[in-house]
Amino acid sequence: FNSAKLADGSHTLTAKAYNTLGATTVSAGVPFIVDNTAPTVGAAESGTSGTLHFTATASDAVGVTKVAFYVDGVLKAADASAPYGSYFNSTTLANGSHSLTAKAYDAAGHVTTSAAVPFSVAN
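Residues numbered from 1 in each chain as written. Predicted model: local features only at pLDDT ≥ 70, side-chain atom pairs only at ≥ 80, totals over all residues. Heavy atoms only, no water.

**Regarding the sheet that holds strand β5 (residues 40-46)**
If you walk across this open sheet you meet the three strands as β5-β6-β9, and the pairing is antiparallel. Looking at strand neighbours, the two that pair on one side only are β5 and β9 (84-89), the edges of this open sheet. Strand-to-strand twist in this sheet, taken as the mean axis angle between neighbours without regard to direction, amounts to 20°. Bridging between β5 and strand β6 (residues 51-59) involves seven bridges; their strand directions are antiparallel. Counted as the bridge partner of Val 41 is Ala 58 from β6. (Pairing = 2+ DSSP bridges. Helix = DSSP H or I, 4+ residues; strand = E, 2+ residues; numbered from the N terminus. Axes fitted to C-alpha atoms, helices over the stretch in contact; angles between N-to-C directions.)

Pasting the structure below:
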C-alpha cells in the first residue's frame, strides 16, 4: 500500500468479500491517518537581558506534536501546544551574538527546522 497516493488527512479502509454465488459483504471501516507532509515552522525571539521570550509558529496537515527551541544548536525548551513559546533566563548565556532555531515535530515523525534567528544578549 502506497500512502503517498492519498491526500494527507483522515481516511477509512474497508474490505469487500465476494463468494462464488456473487454475494458480497463489506467490512466495518477502519480509520487511519495519512501524513506525508513535514510541518512548517518559524521562530522568533524578543529581549536582550533578563527574561528572553522564544516563540514559534508551526503548522502541519495533520497536526504538530511539539516545537523544540535550540540556542546555538543546544536544546533549551519545548512546548507541546500552540501557541508555541518559552521563557528563558538570559544569564545562562554569554553576552554577545546567538542563534535561535525551532524544530517542529508531527505524529508521523517528520521534523522541520526553522531558519536561524540571530539575537544578542547583554546581561
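**A look at the pairing of β5**
Taking every second residue as pointing to the same face, the buried face of β5 carries Val 41, Ala 43 and Glu 45, while none of Thr 40, Gly 42, Ala 44 and Ser 46 on the other face is buried. Connecting the antiparallel pair β5 and β6 is a turn made up of four residues, with Gly 47 showing a positive phi of about 105°. (Buried < 20%, exposed > 50% of the residue type's maximum accessible area, 1.4 Å probe, protein only.)

**Quick look at the pairing of strand β12 (residues 117-121)**
Put simply, side chains in a regular strand alternate between the two faces of the sheet. Residues Val 117, Phe 119 and Val 121 point to one face of β12 and are all buried, whereas Pro 118 and Ser 120, pointing to the other face, are not buried. As paired strands, strand β10 (residues 96-106) and β12 are joined by five bridges and run antiparallel to one another. Looking at β12, one finds that Ser 97 is bridged to Ser 120.

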